[in-house]
Amino acid sequence: MNLRHIEIFHAVYVNGSVSAAARALNVSQPSVSKMLRHAESLLGFQLFQRTNGGLVPTQDAHTLFTEVSEIQDRVHALREAGRNLRRGVGGMLRISALPSLALDAIPTAVARFLRTHDYVKFDLQTVHHDDLLRKLYEREADVAIAYQVPPTAPLAHRWLGEGELVLLYREEDMPDAPPRIELERLRGKRFISLATSGPIGQLFTQELQRLELELDEVVSARTFYIASALVRQGVGMAVVDSFTAQAALGPGLAMRPLKPQLTFDINAMFLINRPPGALATDFLKTLSRVIEAP
């Protein structure tokens, strides 16, 4: 017997007649009768005695019904789980992201997503770039949001958008700042370095080397968040990613993109054998819209 045979048998047994089973399943009476006869043919014995009062289950049917009921319960639970996943009911999304993205982009995307998926639960983790792979390998996260995908790691990824490097500074330190800042303009100004900070730091360092430019580095910060706090305190200026700068903006602070533009990709990474499900895919679409918003 296949699942359709089991469903028909269960409906007839519970409802007591072919016509009532057909109404319960929203199918025609002939189709129910046909499937029931086919099931009996496969089993090699009768399931019901045909009487003027309807169908009476045989002793074999009573015995079979106990097993069939368990299967029906499991099928029902499976269907309900599928419906819940589509609706986002009871879903859990475990996301690891770089701190710079977790300052504003991730919270904004989560808030938007929960407006239409109010039963979803999130497990959000902020980790540095070198630890993202470990979170995936150890199954602590389903998806990792990062800038650079390690070329040799057994990972798949989806492109979400791009960011760019910007100068974060106090308005009083550069009141006549143009729409875009050439790095040469920073020569002689107090600068907060992020040269050792992952792929973004490497991108900036390469640009300084290309320009053969040395800046007056007064502090070397390990994170973008610390660099932003130092800028706010008037220690100097810093080149950070656009997401950190946007989250750090407040009275007296300003940001300007660089000239020429320095951009980087933002990717969702996941294990090849554990691609994002429907719920995670929907969230990544929301995050991508947040990232790409002007």
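The coordinates are above.
Residues numbered from 1 in each chain as written. Predicted model: local features only at pLDDT ≥ 70, side-chain atom pairs only at ≥ 80, totals over all residues. Heavy atoms only, no water.

Colleague: Would you take a moment to explain the nonpolar core for this structure?
Modeller: Soluble globular proteins tend to bury their nonpolar side chains together. With 71 residues, the main nonpolar core has Ile145, Leu186 and Phe283 as its most contacted residues. With residues up to four places along the chain from it excluded, the contact list for Phe283 reads Leu93, Ile95, Ala109, Val110, Phe113 and Phe122. (Core = buried A, V, L, I, M, F, W, Y, C linked by side-chain atoms within 4.5 Å. Buried < 20%, exposed > 50% of the residue type's maximum accessible area, 1.4 Å probe, protein only. Contact = heavy atoms within 4.5 Å.)

Colleague: Can you walk me through unusual backbone geometry in this structure?
Modeller: Excluding glycine, residues mostly have negative phi values, and the peptide bonds linking residues are mostly trans. A cis amide bond, omega 5°, links Lys259 with the succeeding residue Pro260. Positionally, Pro260 belongs in the loop between strand E10 (253–257) and strand E11 (263–271). Positive phi outside glycine occurs at Glu212, with the angle close to 50°. Here Glu212 is to be found in the loop between helix H8 (198–211) and strand E8 (216–220). (Helix = DSSP H or I, 4+ residues; strand = E, 2+ residues; numbered from the N terminus.)

Colleague: Help me understand the packing of helix H1 (residues 3–15) against helix H2 (residues 18–25), please; the structure alone is not making it clear to me.
Modeller: Angle between the axes and distance between the axes are the two parameters that describe a pair of packed helices. Where H1 meets H2, the axes come as close as 8 Å, and the angle between the chain directions of the two elements is 120°. In terms of axis orientation, H1 runs oblique to H2. Relative to H2, H1 is oriented so that their crossing is right-handed. Facing H1, whose interface residues are Glu7, Ile8, Ala11, Val12 and Asn15, H2 presents Ala20, Ala21, Ala24 and Leu25. The residue makeup of the contact of H1 with H2, split by class, is 7 nonpolar, 1 polar and 1 charged. (Axes fitted to C-alpha atoms, helices over the stretch in contact; angles between N-to-C directions. Parallel < 35°, antiparallel > 145°, perpendicular 65-115°, else oblique. Left-handed = near helix turned anticlockwise from the far one by under 90°. Nonpolar A, V, L, I, M, F, W, Y, C, P; charged D, E, K, R; others polar.)

Colleague: Mind showing me how you'd approach the packing of aromatic side chains here?
Modeller: Ring pairs (aromatic) are described by centroid distance and by the angle formed between their planes. In the structure shown here, the tally under the stated rule is 9 aromatic pairs. Where Phe9 meets Phe65, the ring centres are 6.5 Å apart and the plane angle is 70°; that geometry is what we call edge-to-face. Residue Phe9 is located in helix H1, and its partner Phe65 is located in helix H4 (residues 59–87); the two are separated by 56 residues in the primary sequence. As far as the burial class goes, Phe9 and Phe65 line up, both buried. Here the aromatic rings of Tyr13 and Phe65 are separated by 3.9 Å at their centres, their planes lie at 10°, and the arrangement is stacked. (Phe/Tyr/Trp six-rings, centres within 6.5 Å; stacked < 30°, edge-to-face > 60°.)

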